[in-house]
Amino acid sequence: MKNMNEILVLYYSRYGSTAQMAQQIACGIDSVDACAARIRTVPPVSTVCEATADTIPDEGPPYATLDDLRECSGLALGSPTRFGNMAAPLKYFIDSTSSLWLSGALAGRPAAVFTSTSSLHGGQEATLLAMMLPLLHHGMLLLGLPYSETELLTTTSGGTPYGASHTAGTDSTRPLTDEEKTLCVALGRRLATAACRLQGD
Ligand SMILES: Cc1cc2nc3c(=O)[nH]c(=O)nc-3n(C[C@H](O)[C@H](O)[C@H](O)COP(=O)(O)O)c2cc1C
């Protein structure tokens, strides 16, 4: 019997767009034999010093721990775009991963990134590339999307070779388009397939 490869889908989402993308990426991961998505989020960063939140959120997936990263054989990392970069809550969590960096725990594992913006030219690629930087420091193997995913050529909203993306509109309520969904699923499937191959399954 094959070992089950868990792939961590770790994201922050304030208004729900990045969360919708995470669900589609998880579908792609779950579609690969012997792979399962483990979905986790991170709490908002408080403006009040020393404020603490419950370790379990009121709704949605659990908050991520370092063990989630340690135990999974791949990572999909998602964030809304904020001024052309990832959101602070996700960066705050990543900045807590020094012990994993020191031990090289994530080195050689595959990773992919995804983001949601309000506007079409609001910085999706900049955010995706910025999200790759800490993962490269961890020694992870970054995956994008190949143009054999033909939705990359036809989309008029999100979808990039650097990772999955979504254009949510000024009020952040626009649903994922069919192309954006297909590319999210393709990214999840690609990540899970790579993780299996690297594990030798
Ligand atoms: C502080 C802040 C900065 C933002 N910066 C950008 C930006 O640079 N470009 C853009 O298109 N949207 C920007 N947005 C909008 C979010 O990226 C957009 O609403 C996103 O879809 C939210 O994702 P979510 O629904 O997962 O929270 C910003 C929003 C906030 C609150």
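First, a word on what this report is: a plain description of the structure on this page. (Residues numbered from 1 in each chain as written. Predicted model: local features only at pLDDT ≥ 70, side-chain atom pairs only at ≥ 80, totals over all residues. Heavy atoms only, no water.)

Attention shifts here to helix 7 (residues 178-199). For helix 7, which comprises 22 residues, the first-to-last C-alpha distance of 32 Å matches the rise-based estimate of 32 Å (1.5 Å per residue) to within 8%. What helix 7 keeps buried is the set E180, L183, C184, V185, A186, L187, G188, L191, A192, A194, A195 and C196. G200 lies just past helix 7 and shows a positive phi near 80°. (Helix = DSSP H or I, 4+ residues; strand = E, 2+ residues; numbered from the N terminus. Expected span 1.5 Å × (residues − 1). Buried < 20%, exposed > 50% of the residue type's maximum accessible area, 1.4 Å probe, protein only.)

Let us look at the site of the ligand. In the region of the ligand, 18 residues are neighbours, and S13, T18, T81, S116 and S172 sit closest. Here an oxygen atom of the ligand and a backbone polar atom of S118 are 3.1 Å apart. In the complex, the protein chains occlude 81% of the 640 Å² of accessible area that the ligand would expose alone. At the level of elements, helix 1 (17-30) and strand 4 (110-117) are the ones that each hand at least two residues to the shell around the ligand. Class assignment of the residues belonging to the shell around the ligand gives a composition of 4 nonpolar, 12 polar and 2 charged. (Near = heavy atom within 4 Å. Polar contact = N/O pair within 3.5 Å; in protein donor to acceptor, adjacent residues only side chain to side chain. Areas by Shrake-Rupley, 256 points an atom, 1.4 Å probe, with all protein chains shown as cover. Nonpolar A, V, L, I, M, F, W, Y, C, P; charged D, E, K, R; others polar.)

Once that is clear, we can look at the layout of surface pockets. Empty space among the atoms becomes apparent when a probe as large as a water molecule is rolled across them. Of the volumes computed, that of the second largest pocket is approximately 390 Å³. Forming the boundary of the second largest pocket are 17 residues, of which S13, T41, P57, E59 and Y63 lie nearest the centre. When the residues that make up the lining of the second largest pocket are grouped by side-chain class, the tally is 10 nonpolar, 3 polar and 4 charged. (1 Å grid on protein atoms, 1.4 Å probe; cavity = no way out; pocket = protein on both sides within 12 Å on 5 of 7 lines; lining within 4 Å. Points joined across faces, edges and corners; volume = space filled by probe spheres on them.)

What follows deals with unusual backbone geometry. Although it is not a glycine, A34 adopts a positive phi angle of roughly 65°. Here A34 shows up in the loop between helix 1 and strand 2 (35-41). Judged by relative accessible area, A34 falls into the buried class, the value being 15%. With a phi close to 50°, F83 is a non-glycine residue in the positive phi region. With respect to the secondary-structure elements, F83 resides in the loop between strand 3 (74-80) and helix 3 (88-94). A relative accessible area of 89% means that F83 is categorised as exposed.

Let us now look at the pattern of salt bridges. The tally for this structure, following the rule as stated, stands at 6 salt bridges. In this structure, R38 and D68 form a salt bridge, with 2.7 Å as the shortest nitrogen-oxygen distance. Of the two residues, R38 is situated in strand 2 and D68 in helix 2 (residues 66-71); the sequence distance between them amounts to 30 residues. For R38, a relative accessible area of 11% gives the class buried. On the accessibility criterion, D68 (5% relative accessible area) is buried. D95 is paired through a salt bridge with K91; the nearest N and O atoms lie 3.0 Å apart. With a relative accessible area of 49%, D95 lands in the partly exposed category. Taken together, the salt bridges that share partners define one network made up of E6, R38, R40, D68 and E71. (Salt bridge = Lys/Arg side-chain N within 4 Å of Asp/Glu carboxyl O.)

In short, geometric facts, not functional conclusions.
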